[in-house]
Each structure stands twice: as structure tokens, then as C-alpha cells.
Amino acid sequence: MAQRNSFMQALGHSRAAVVLMCLIACQSVRANVTVEVHGVDDELRTNVLAYLSFERYKKTTDLSADTIERLHERVEREVQSALRPFGYYEPKVHSDLTEGGKGDWRVTIDIDPGPPVLIDLIDVQVHGAGEKDPLFTRITDHLPLHRGDRLRHATYDSLKGDLQRTAATYGYLDAKLTRNELVVDPLSHKASIALEMQTGERYRFGATHIEQRAVNDALVRRYLRYKQNEPFDLTEILRTQFALDDAQYFANLEVLPGDPDRDAHVVPVNIKADPSRRNWYSVGGGYATDTGPRGTLTWENRRINTRGHRFQVLIQAAQVTKYQVQSTYTIPIGDPAVEKLTLQGDVEQRQLADVTTRNQYLQPGITKVSGNWQYVWFVQAMKTTGESAVETRTDRLLIPGIDIASVPKGYLGEPIFQHGLFLEVKGADRAAGVNTSFLQAHLTGVRVFNFHPKWHLLLRDEIGATVAPRFNQLPVIERFFAGGDNSVRGFAYNALSPTENVCDSNGRNPDGSCKGAVTGTAKTGGKDVVTGTVEVIRDLPRNFGVATFFDYGNAFNGFGGTALEYSVGVGFRVRLPVVTLGVDIAEPISRPGASPRLHINFSPKL
């Protein structure tokens, strides 16, 4: 028994020694692999690296020398596979593997791609009901590949996919590729492409089935972007989904095409939704150098009744707008996604340069959209009181007017923070029993030019003009001011304005001049205004950007009567999901010795 135990102990020791020797012999090293690819452009190099096993395995913490050798043996065929999609079928590949010690390896790959395969024949045909449809002729008349071009598999696949997506999106639901050939002859370096599609009949919209209990079905149908029996178009179903989402009546909304009727060639549409929460509350805060700190409280009843009426109350307080209480009653009309009847009431106190105004108004309005333009007709019944060192004056006005604004293609009524072009024309007449007569036009325009993926040019212009027989009787709330974050930076908010003399206790003459002594001046707004911006923005990583800008403008009582003010500056941009935070420092160059001014603002622009 003793001999047997001794034998077993010796056997155990020998096994441990063998295992230890194997571990030493098979020990892996921590590898650091560097891959260099020469002889091809960046596009090909990127694809080669994507195909190389070295690139995938070098992230592994431990690689043995044997594994590295096996990966090196794959290099030639992996490079060949990487170059074929770009038309290179006979590349010459030479690779070297060198060890730098301590687990460092360098793989050097030299590639001669050789002569490319060129397209010798390309034949793309569309047959059936879609043969003459512009949806397909835009593809067949502007092919991305031509005879003599280097073969690119991705471009060929994209062309094929474009035909198939077009058919599926625009109602050619029976379309089939009857011919789908890519033939490559590497020896002659030629390729031929043949694609033929049989579109079949184009389907049309069938009946729309609605399951919801938030508002009347008749109102829901007015949101549809399509009509029954029109050619089927999946993009119009998506636009219908967006329009109903924006209406804010629904939760869990689905707008989906049903199963197509292959015999009648129609596609029904199914709409399902639950009612959204009726009452919405929101509290918000912010800061801008124009307004200072501000806070907002909003309550909205989004479904007063099944006809889709809604009511909103907004309460706001800020440094400039001391308080504002605004209520709006909205009735959808016509196309409810973009057209509405509103009744708005407002009570506010606002500081305009050296004048404190208290305003109360009631304004009914009608909003309509035609093409790329939005029209808002309104009548504003206003009572306004302006208090300044010049005078305290209360006016009652009845002001009809119209706002005309450009809207994006496919606009569905969502809020637009900034219009490309905006014109307002309004006025009043003493014949209507109000204090004064005037006619005013105010035009603003903003345009962004993207002249490089990372460089942008922003141009903004504003011009306003007023015709008033007795301008000194025009309420301050209807006058123009300039200066501030969104006007002429480098100057305080509303700081650019004509001034009026402050008279002593003797008062004024009928023409507005002082009967006695002039004790000072106050900024009370002008008849006209001109402002503009030229801004260059450079994108930076992580949604940051820098800008340089030149602003100009002024408010005055007659074009040419007052010189424009100018400023230059630099800014920093942070692009947030909805808006852009801008931090600008502007120097007034038209006023030597003036100090630079900091501007902080949120805006929808770049």
C-alpha cells in the first residue's frame, strides 16, 4: 500500500509538471497590433481596414504568435474582397509582419489596385403603368452610373433599391424586378448592368377607418393629407400622422395602411388613437440680456369640446415685460392642421426705452395657408397708456392688419420660431373714432447660406416705415426701436431711438415743441427702422460653433435723417435639441470709446 501511495504521489507531481510546461509553452502575449495600408485612397483604405481580421482582433487583449500568423495569412484575400465593390478585381497585395518586441506587431500592406473594371453596358427599363410616371423617369433619366464609369457595387445596389423603394412608397405594390443582372468580366475589365422592372398597376387610397373618441370623426378627416381614390402615396400617410400628432388631441396614435385589395387595386387606411390628457400645465424660466430673468406659467385645455376648440392662458413676467397675461381661444377651420380662427386677449406692462406702456387689447384673427405662404388677417382693439418724462398719454385704437409669412414646404402648422420672410401691414383711421391715423409696414427676412459643410453665412434684414399725419400722437407701442440681442448687438435693448424733449411745467405747443424750457430728453421710438446682420458661423465638434458678425441699424423719424449705428463682434454657439444658445460680445464701432457689450440669447438659427 505504501508503494502504491508513493507511485500515486509521483504521478501527481509529474502531471503538475506537464501542465506547468504546457502553460509556459502556450503562454499568450498581450499584443499591440499596428496596421498600415499604402497605395490606395482614403475611401479604399477605410474599406480595407473594415475587412481585415487584424482590425477586429487587435482589440482582443491577448493574441498568441500563432494567431497573429494565421491572421496575416488572410490579408491578401481580405484585401481582394475589400476592393471588388469598388471595381478592382485584380489587385496586387504585398504585406509584411514585423515584431517589435514586448508584444508589439506591425502589419504593413502595400496595394496596387490594378486596372479597374469599367461599365461597358447599362440598361435600366421600367415597364407597365409606371413607365411614363415622373417618379420613375427621374431615376431612368438621371442614372448614377454611365458607360465608362468605374464599377461601384454600392451605386448599383442603390439604383436597384431606389426603384424598389419608389414602387413601394408610391403605390406600385405589385412591382417586380424581372431582370436584375450585374455581370463582371475581370479579364477584359468590363461589366454590364441590366435592370428591368414591371410596375403593375398603381394602387389608390381606399376607405379610411377611424377608431377614436377624442373629437368628431369629421374633424379627424379634415386632417387627412390624402383623399379617397387618389393615387396611393405613403408619404401622405406619414404627413397625416404628423398632422394629427401636432393637433395634440390624441395619445397612442397610429395611422397605418391596411392590407391592399389586389383585385380593386386600393389600399385602406386605419387610424386608431386614444384621447390625450385634456388639461396641460407647464412652468418655464429663462434668461436673455434683453429680457433679463423671465418666468412663464401656462395652462391649456386642448379639447374644450368634440369640435376641437381649445383655450390657453399664459402668464409671463420679465425685466422688460413686467407682466403679461394672455388668453387665446382657438377654433379649427378649413384645413385644421394649418388654418384657424382665434380670439386673443392680452393685458401687459412693457418697458420700451424710456417709456412704460400699459396695454390692453382684444384681437380676433383668421389664419390661412396657401402654397408656401401663411396669411393672418386680424383686427386689434387696443387701449394703451404710455408714461414717460415727456408725457402720459392714453389712446384707444382699432387696428386692422395682415401678417404674411413664408412657411416651409409641407408645413403642417407646427410652431415656427423664425420665418424666412415676414411682412406685417396695419393701420388705423380717425374716421373709426380712434385718437390717431397711421399706416405701417414692417418687413423682416432671414437667409442662411451653407457654402461649406462646416461654414455658414447668415443674413438678416429688417425695414419698417410709418405714415402718420401727426406722428407725435402715435402711441409708443406702435413705434419702432432698435438695439439688443436680435437687432443691433453692442447696444442695449431698444436703446436706438429718436428722442423727444422733456418740457418744463409750461407744457407743449400744438406742434409738440416746448412752450418753456427743455429739461432733458427721452427715447420714445421712431417712425422708421432699418437693421441688419452679416454673420459667419464655423461649426465645431460636439454641437459647438463660433461666429463673427457685423450688425447695423437704427430707428429714426425719416429715412436719411439719422446715421446708422454699426457694431462687430464674436460669438460662441451651443446647439441644443430645439434651439441654439448664443453668447456674443459686440463692440459698437460707430461710437468710439463705447464699451463692448455681452449678449446671451436663445434662438432657432445657427
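Keep in mind the model is a prediction, meaning the values are calculated, not measured. (Residues numbered from 1 in each chain as written. Predicted model: local features only at pLDDT ≥ 70, side-chain atom pairs only at ≥ 80, totals over all residues. Heavy atoms only, no water.)

A. Structural detail: the state of the cysteines. Scanning the model with the defined rule gives one disulfide in all. The disulfide that involves Cys 503 links it to Cys 514, with 1.8 Å between the sulfurs. Disulfide Cys 503 to Cys 514: torsion about the S-S bond roughly -80°, handedness left-handed. Here Cys 503 is found in strand E21 (residues 499-503), whereas its partner Cys 514 is found in the loop between E21 and strand E22 (518-523), with 11 residues between them in sequence. (Disulfide = S-S within 2.5 Å. Helix = DSSP H or I, 4+ residues; strand = E, 2+ residues; numbered from the N terminus.)

B. A look at the side chain of Ser 95. Within the fold, Ser 95 resides in strand E2 (residues 92-101). Of the residues examined, Ser 95 reaches a relative accessible area of 18% and is grouped as buried. Within polar-contact distance, the side chain of Ser 95 engages the side chain of His 72 at 2.9 Å. (Buried < 20%, exposed > 50% of the residue type's maximum accessible area, 1.4 Å probe, protein only. Polar contact = N/O pair within 3.5 Å; in protein donor to acceptor, adjacent residues only side chain to side chain.)

C. Seen up close, the confidence of the model for the protein chain. Summing up the model confidence of the protein chain, the mean pLDDT is 89 and the portion of residues at 70 or higher is 92%. In this model, residues 1-29 is a region of pLDDT below 50 whose contacts with residues beyond four sequence positions or in other chains number four contacts. (pLDDT = per-residue confidence, 0-100. Contact = heavy atoms within 4.5 Å.)

D. Molecular detail of the packing of helix H2 (residues 42-51) against helix H5 (residues 75-83). With their axes 8 Å apart at the nearest point, H2 and H5 run at an angle of 130° to one another. By the angle between their directions, the pair H2 and H5 is classed as oblique. For H2 against H5, the interelement crossing comes out right-handed. Residue-level contacts link Leu 44, Asn 47, Val 48 and Tyr 51 of H2 to Glu 78, Val 79, Ser 81, Ala 82 and Leu 83 of H5. (Axes fitted to C-alpha atoms, helices over the stretch in contact; angles between N-to-C directions. Parallel < 35°, antiparallel > 145°, perpendicular 65-115°, else oblique. Left-handed = near helix turned anticlockwise from the far one by under 90°.)

E. Region of interest: H5. Taken together, the buried positions of H5 are Val 75, Glu 78, Val 79, Ala 82 and Leu 83. For H5, the angular spread of buried residues about the axis comes to 130°, placing them on one side. (Arc of directions from axis to C-beta.)

F. Inspection of unusual backbone geometry at higher detail. With a phi close to 50°, Asn 252 is a non-glycine residue in the positive phi region. Along the chain, the position of Asn 252 falls in strand E8 (residues 250-257). If you check the backbone angles, Ala 353 has positive phi at about 55° while not being a glycine. Within the fold, Ala 353 resides in the loop between strand E14 (340-352) and strand E15 (355-370).

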